[in-house]
Amino acid sequence: MSTTDPHHDKHADGIVEDRKQAPPVYFTVLFYGLILWGVLFIAYFLLSGWSSHDEFAEKMAAHTGTPVAAQAATPAAAAPADATPATNGAALFAANCAGCHGAKGEGGFGSDLTAGTYKYGRTADAVRSSIADGRPKNMPAFNGRLTQGEIATLTAFVMNLK
């Protein structure tokens with residue numbers, strides 16, 4: 001056989017493997033360092049008690065201006081029974097509406113409640129219907145979640161937003 005035969009030449013493509021030379025030290029340090037970092041990263045998040053749900057609740061509290069504890073409270077517990085309707089309405093709004101409509105009703109995911117007109121009307125009956133029965137796609141119904149008195153208080157509060 002000839003030495004120019006491509007099937008006979010082990011290094012026909014010009015690449016020669018050198019199994020005697022170790023990889024560079026920085027490569028070895030980087031490789032094992034990343035493995036160690038990954039293990040520590042996973043252990044931190046598994047053992048620290050962090051959760052994406054808690055982080056989301058904190059960010060929503062910062063957005064709406066209500067403490068995290070107040071978001072978890074029921075509307076009845078959010079305001080004392082002898083509170084004035086404006087205060088009680090504000091507490092109901094903060095607990096049920098501010099997440100979508102913003103802390104002051106200026107809008108966000110939900111519509112701007114400080115605007116002069118609403119899509120479904122700005123009368124007390126139209127606002128009460130929107131709160132109680134909900135609206136297609138985005139507005140949930142609060143009938144059954146809130147009492148009729150709470151819906152009336154919330155309607156009065158929304159009607160006074162400017």
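Everything numeric here is computed off the predicted structure, so don't read it as measured data.

1. Some remarks on the pattern of salt bridges
Okay, so step 1: Taken as a whole and assessed by the stated rule, the structure comprises one salt bridge.
Okay, so step 2: The shortest N-O distance in the salt bridge between Lys59 and Glu55 comes to 3.3 Å. Taken together, the residues Lys59 and Glu55, both in helix 2 (residues 52-64) and four residues apart, mark about one turn of the helix.

2. A few points about the confidence of the model for the protein
Okay, so step 1: Considering every residue of the protein, the mean pLDDT works out to 79; 79% of them sit at 70 or more.
Okay, so step 2: Of all helices and strands in the protein, the one with the weakest mean pLDDT is helix 4 (residues 75-78) (46), whereas helix 1 (residues 25-47) scores best (93).
Okay, so step 3: Counting contacts from residues 73-83, a segment whose pLDDT is below 50, to residues more than four positions away or on other chains yields nine contacts.

3. What to know about the packing of aromatic side chains
Okay, so step 1: In this structure the tally under the stated criterion is five aromatic pairs.
Okay, so step 2: Ring centres 5.0 Å apart and planes at 25° place the aromatic pair Trp37 and Phe41 in the stacked group. Note that Trp37 and Phe41 are positioned in helix 1 at a spacing of four residues, about one turn of the helix.
Okay, so step 3: A relative accessible area of 40% places Phe41 in the partly exposed class.
Okay, so step 4: Taking 5.0 Å as the distance between ring centres and 80° as the angle between the ring planes, the aromatic pair formed by Tyr44 and Phe45 counts as edge-to-face.
Okay, so step 5: In this structure an aromatic cluster arises from ring pairing among Trp37, Phe41, Tyr44 and Phe45.

4. Some words on the nonpolar core
Okay, so step 1: Residues Phe93, Leu113, Ile131, Leu146, Leu154 and Val158 are the most contacted members of the largest nonpolar core, which totals 15 residues.
Okay, so step 2: At the level of elements, helix 5 (85-96), helix 7 (124-133) and helix 8 (148-159) are the ones that each hand at least two residues to this core.
Okay, so step 3: In this structure Leu154 touches Gly89, Leu92, Phe93, Cys97, Ile131 and Leu146, once residues within four positions along its chain are discounted.

Reading the values: the criteria
- Sequence order as written defines residue numbering, which begins from 1 separately in each chain.
- Local features in a predicted model are, by the rule used here, given only for residues with pLDDT of at least 70; side-chain atom pairs are given and counted only at 80 or more, and totals for whole chains, interfaces and linings are based on all residues.
- As a rule here, side-chain values come from all non-hydrogen atoms in the structure, and water together with hydrogens is ignored.
- A carboxyl oxygen of Asp or Glu within 4 Å of a side-chain nitrogen of Lys or Arg is what we treat as a salt bridge.
- Elements are defined by DSSP. Helices are runs of H or I of four residues or more, strands are runs of E of two residues or more, and each kind is numbered from the N terminus.
- Scored between 0 and 100, pLDDT is the confidence that the predictor attaches to each residue.
- Every residue pair with non-hydrogen atoms within 4.5 Å of one another is taken to be in contact.
- Aromatic rings from Phe, Tyr and Trp, taking only the six-membered ring of Trp, are treated as a pair when their centres fall within 6.5 Å; an angle between ring planes under 30 degrees marks them as stacked, one over 60 as edge-to-face, and anything in between as tilted.
- Summary of the burial criterion: residues with accessible area below 20% of their type's maximum are buried, those above 50% are exposed, and those between are partly exposed, where the area comes from a 1.4 Å probe applied to protein chains only.
- Take the buried residues of types Ala, Val, Leu, Ile, Met, Phe, Trp, Tyr and Cys, join any two whose side-chain atoms come within 4.5 Å, and each joined set is a nonpolar core.

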